[in-house]
Structures are given as C-alpha cells and as structure tokens.
Amino acid sequence: MKRTMGDIPQGPVKKKRWDCLSEEEKRLLRCNKNKVNKIKKPGLHCDVIKWMDEEAQRQGVTERGRHGFIVFDEMKIQGRLQLRPDFEIVGLVDLGEFYQSMRSLQTGGVPKAEMATHVFQLAFQGCEGFFFPFAWFPITEIQPINIYLHHWDSVFYLTEHRFFPHACLCEGSQANRDFIMGHFKFSPEYAIMNKFTVDNMYDSSKYSFIMDPPRTIEKLRNNLEKSSLRGTARSFKFNGKHILWSHLKEAYLHDKTNARAPVTSCKIGDSHFQLTPATRMRNHLAADIFSDDMLELLYNYQEFKRDQKGDDDSMGLTREYLFAANLFVKIFADTKPIRTMEDQRLMELDATLHWFLDWREDVMGSENQTPKERNKAYISDKLHLDMCSMVLGYKSYVRTMITQFPGMGPISASTNLECMENMFGCIRASDGSNANPTVLQYGSSVNGYIRCCSLKIRNENASRK
C-alpha cells in the first residue's frame, strides 16, 4: 500500500526541528507564540499596530526610522472556502464593515457573497529599513474607493502609534492610478502642478504619491519594444527622428556576430530581446536594456554604420531615450542617501523628466500628423503619468524627509516594492509546491513571516537576520 505524506507521524519531525533551535530562539518563540492572532485574520487591527510598535522598540528603531511610507500590492490566492477551528468560514471577500454596508445598499439588503481570488496587502516601510506588514484583505478586484478608505485608515492608526508615513508607493495598475488621481480631481495637469502631493489630513505635513520605480522602468522598456515603423502600437518620433526597438536589436546582433565589443558577455543576451509574458515581468532585464553596456553597443554600432554606410546618426534619439532611462535606473539603484534638495541626482531626475516633457510637447504640437499618429509617437498616457508620479512624488517625499530631519534624507534604492515582493515570495515558498495559498494559509504565513523576521541569530562576533 502506498504511503502518503499524511500517514507520516508529524510529532518526531516537529520535535527534531525544535531541537535544532538555540535557547534564545526557543525563548522568543515561547514568548511570542499566539501573542497576536489577529494578523491571521483579514482587516486592520489595533492589536497588530501595537505589536508593530513593540517590534520596532525591540529592534531599536530610531525616531527617524519611524518615518517612511506605506506600500501596498496584490497577490493571487486560491479561490476556496475553508473553516477555521472556531467554525468561521473564510475564503470570501472581506473588506470590512463599511464595505459590507455599502454592498447591502447596492443589493437592496440582499447578502451577496463573493469568492476571494487575491489578497490586498498593506505594509509600512521606514526610511531606515524597518518593514512590517500590518493589514491584509481578501478581494476579487480592488476598487479605488476601497484603496482610499483602507489607505487613509492606515495612515490614521499608524500616526496614533508614532509611525509617520509621508508617502505611499504602489505599482501602476489602473485601480492604483485612479486612487491617486482621485486626490487631484482626476486631472493629470493638476496632479503634475501639485507634484503629486497633498496635505496630510491627520497632521500638518505633506503626503506624496509615488509609482514604483522598477515597474515604471519596466514599462519604459515595454513601450520601446512596441515601437517600430509600422504594424505596432507605438512608433516613437522626436524632432523628425525615430526611436525604435529594432535599433537595439540590430546593435546587439551586430555585436554578437562580429564580436566587436565583449560587453555582451556581461549582461546583454538573447533573453533581453526574446521576451515572453513571464520575462517581461523581470525588472532586471529591463534595467539591463538601459544599462551602460547597451549604450556602448548602440554607440559602437552607430560608429560602424557611419564608417561603412555613411549613416548620419539615425540612432541618435534612440540613444537619448536609453540615456534618459539609464539615469532613472542608476538614481533609483543608488544606496547613498540624498541629504539636500541641491543633490545632483535630483537635478538629473528633473532634467530627464523635462526631456520627456519636451518630447511630448513636440509631438502634441505637430500639425502634419493625425491624432492617431501623435498618440503613437509618444509613450502611453498611463506611463507618462506614472513617470511623472515617480519623479515628482519622490522629490516631494525627499523634501518632506529633509525638512523633518535636516541633512538626513532617504535612500533611493529603498524606494520600491522589493520588500513586499520578497514577503510574497516567502509566503509562496512556505506552502511548498503550491504557489497560490488559500486565505487561511495566507494569514498563517504572514504571521510566520513576521515572527521569522524578528529572529536574530548570532554567530560569535557576527550577526545575521
């Protein structure tokens, strides 16, 4: 008879794992076991925020480290109904009492249950690296109004417990974009004029909205990939010259064939050009396309074309596009703090954004093109808005932090969703081969993630988390 995993006695296995722990780890687990169970349940709970405060004190987070921003993102889960040990049904959409009340009004008081397919996760990320996921909600498709309510509720409760978010950071989905634009009368011009910054409704500080830089850079690559002379959604053109994906591909293939520049052995490879739906989501592939290596390949290929064919710099604007995106990559990967508003990196961000704005003005002012041709000659409106939010929102956040703590600005390389993505990766890995947990598994995994992150193992004179 074939034996299954369920037949294997779990007691000895658990005891063996327990014996592997040090005395300090055993004491910490005994102390914290079931200390706060509400993180396992959906919603924003005061007990979890109190736990977050205690954890910050235990880790020695400074007063400055309690200032930072809120991050939120979604993760796919299994749509399945389950029972908790107390016979509570889980697996349905749960966005709080206000959401249920509004749904009752919409349906005339008739209860309508929906199976959750995603989780909406919120977390706080301090400017010195403290990260804590404090609330999550099972959803199907998050609506901007729900983001608005839970986001500002989070700001209130965090402020009450001496955590001070000065910005929110998210990826550029349509719901997130609508949530941000709702603060600016749904007017892109008004949002840009206000630098994607509003007054914090709970104190006198400013509050900024930032689109995730790695995702925005990835979209710059995706828009460029669609740019060709015909048959695609984009056909970039600036000052009468084309910006084409084929320029990059030709330069790479020429280098690969003639071995003129060995830099291809460093980063650039076939995977950067033969993109699939999965590889298009890889942020590092987009960053590599805008790297110094690719700029060198393009320059060498242009020199070859000039020498052999008399080509008068037909790739000049493509190089400028790469150079602009290259600055975004470098600045948002820089691990040195920005201490003043006169920092060279902020000036470079301004100059790069103005290059895109000049390009847009040139396209919109072109009278010999149809509206459709003008729309294809520039990056998409959504990407344009995301890019402005990334630059202007981040600059406003830096200004707020420098005002709060003069000479001690934030680090650009920490302004992204990497901590959240790493947490999602740990949660998926905790469920073995099942990449999409159920609601019940997700709550337990978040609880386990927080507790594992609080462990600090010491090895003689070194320590590691």
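Anyway, here's the lowdown on the structure attached to this text. The structure presented is a predicted model; accordingly, all values stated were derived computationally and were not measured. Position numbers for residues start from 1 in each chain and track the written sequence from start to end. The predicted nature of this model means local features are confined to residues of pLDDT at least 70 and side-chain atom pairs, given and counted, to a pLDDT of 80 or more, with totals for whole chains, interfaces and linings taken over all residues. Derived side-chain values reflect all non-hydrogen atoms in the structure, with water molecules and hydrogen atoms excluded from consideration.

Here we look at the nonpolar core
Right, on to step 1. Within the largest apolar cluster, 116 residues are counted, with the highest numbers of intra-cluster contacts made by Phe134, Phe290, Tyr321, Phe356 and Trp359.
Right, on to step 2. Strands here mean DSSP runs of E at least two residues long; helices mean DSSP runs of H or I at least four residues long; both are numbered from the N terminus. Of the residues forming this core, the biggest block, 12 residues, is contributed by helix 15 (residues 381-404).
Right, on to step 3. The contact criterion used throughout is that any non-hydrogen atoms of two residues lie within 4.5 Å. Apart from residues lying up to four places away in sequence, Tyr321 is in contact with Leu220, Leu224, Phe236, Ile243, Phe290, Trp355, Phe356, Trp359 and Ile379. In these notes, a set of buried Ala, Val, Leu, Ile, Met, Phe, Trp, Tyr and Cys residues joined through side-chain atoms within 4.5 Å is what counts as a nonpolar core. Remark: exposure states derive from per-residue accessible area (1.4 Å probe, protein chains only) relative to the maximum for the residue type, with buried under 20%, exposed over 50%, and partly exposed in between.

Some thoughts on the packing of helix 12 (residues 316-331) against helix 13 (residues 344-364)
Right, on to step 1. Lines fitted to C-alpha atoms define the axes here, with helix axes fitted over just the stretch in contact, and angles between the N-to-C directions of these axes take values from 0 to 180 degrees. The N-to-C vectors of helix 12 and helix 13 enclose an angle of 145°; their axes lie 10 Å apart at closest approach. The chirality of how helix 12 crosses helix 13 is left-handed. Counted together, Leu317, Glu320, Tyr321, Ala324, Leu327, Phe328 and Ile331 of helix 12 and Arg345, Glu348, Leu349, Thr352, Trp355, Phe356 and Trp359 of helix 13 form the full contact between these two elements.
Right, on to step 2. Residue composition of the contact of helix 12 with helix 13, by class: 10 nonpolar, one polar and three charged. By the definition used in this description, the sense in which the near helix is turned from the far one sets the handedness, with an anticlockwise turn below a right angle giving left-handed and a clockwise turn giving right-handed. Residues are sorted three ways: Asp, Glu, Lys and Arg are charged, Ala, Val, Leu, Ile, Met, Phe, Trp, Tyr, Cys and Pro are nonpolar, and all the rest, Gly among them, are polar.

Regarding a nonpolar patch on the surface
Right, on to step 1. Each patch groups residues whose relative accessible area exceeds 30% and which form no salt bridge, using 9 Å between like charges and 5 Å between nonpolar side chains of Val, Leu, Ile, Met, Phe, Trp and Tyr. Residue-level accessible areas treat just the shown protein chains as cover; the underlying method is Shrake-Rupley with a 1.4 Å probe. Throughout this description, the term salt bridge denotes a Lys or Arg side-chain nitrogen within 4 Å of a carboxyl oxygen of Asp or Glu. A cluster of nonpolar residues, Leu81, Leu83, Phe87, Ile89, Leu92 and Met115, forms a patch on the protein surface that exposes about 610 Å² of accessible area.
Right, on to step 2. Along the chain, Phe87 turns up in the loop between strand 3 (82-83) and strand 4 (89-90).
Right, on to step 3. According to the relative accessible area criterion, Phe87 is exposed, its value standing at 69%.

Digging into helix 16 (residues 418-430)
Right, on to step 1. Here helix 16 contains 13 residues, and its C-alpha end-to-end distance of 18 Å stays within 8% of the 18 Å for a straight helix at 1.5 Å per residue.
Right, on to step 2. Among the residues of helix 16, those classed as buried are Met420, Met423, Phe424 and Ile427. Viewed end-on, helix 16 has its buried residues packed into an arc of 100°, placing them on one side of the element. By this rule, a helix spans an expected 1.5 Å times one less than how many residues it contains. It is the directions from the helix axis to the C-beta atoms whose arc is reported.

A word on the environment of Gly182
Right, on to step 1. Along the chain, Gly182 turns up in the loop between helix 6 (174-181) and helix 7 (188-193).
Right, on to step 2. It is 8.4 Å that separates the C-alpha atoms of Gly182 and Pro144, two residues lying 38 residues apart in sequence.

Remarks on the pattern of salt bridges
Right, on to step 1. Applying the stated criterion to the full structure yields 18 salt bridges.
Right, on to step 2. Note that Arg58 is salt-bridged to Glu55, the shortest N-O span being 2.9 Å. You can see Arg58 and its partner Glu55 sitting in helix 3 (residues 46-58), three residues apart, about one turn around the helix.
Right, on to step 3. Judged by its relative accessible area of 45%, Arg58 falls in the partly exposed class.
Right, on to step 4. Ionic pairing is found between Arg280 and Glu225, a salt bridge with its closest N-O pair at 2.8 Å. Placement of Arg280 in the loop between helix 9 (245-258) and helix 10 (283-289) and of Glu225 in helix 8 (residues 213-225) is noted, with a sequence separation of 55 residues between them.
Right, on to step 5. Here the salt bridges do not stand alone but share partners, grouping Asp53, Glu63, Arg66 and Arg162 into one network.

Remarks on the sheet that holds strand 6 (residues 131-139)
Right, on to step 1. Any two strands are treated as partners once DSSP identifies two or more bridges connecting them. Spatially, the seven strands line up as an open sheet ordered 1-6-5-2-7-9-8, and their pairing is mixed. If you trace the sheet from one side to the other, it starts and ends with strand 1 (43-44) and strand 8 (197-199), each paired once.
Right, on to step 2. Sheet topology places strand 2 (residues 67-76) next to strand 7 (residues 164-170); four bridges connect them, and they run parallel. Its bridge partner being in strand 7, Ile70 is matched across the sheet by Cys168.
Right, on to step 3. Its contacts with the sheet put helix 6 on strand 2, strand 7 and strand 9 (206-211), and the angle it makes with strand 9 is roughly 155°.

Description of helix 13
Right, on to step 1. The terminal C-alpha atoms of helix 13, which comprises 21 residues, lie 30 Å apart, in line with the 30 Å expected from a rise of 1.5 Å per residue.
Right, on to step 2. Along helix 13, the positions that sit buried rather than exposed are Arg345, Leu346, Leu349, Thr352, Leu353, Trp355, Phe356, Trp359 and Val363.
Right, on to step 3. Buried residues along helix 13 sit against helix 8, strand 10 (236-238), strand 11 (241-243), helix 12, helix 14 (371-376) and helix 15.
Right, on to step 4. Side-chain atoms alone can form a polar contact between residues adjacent in sequence; in general such a contact is a pair of N or O atoms within 3.5 Å, and within protein one must be able to donate a hydrogen while the other accepts it. Residue Asp343 occupies the N-cap position of helix 13, its side-chain oxygen lying 2.8 Å from the main-chain nitrogen of Arg345.

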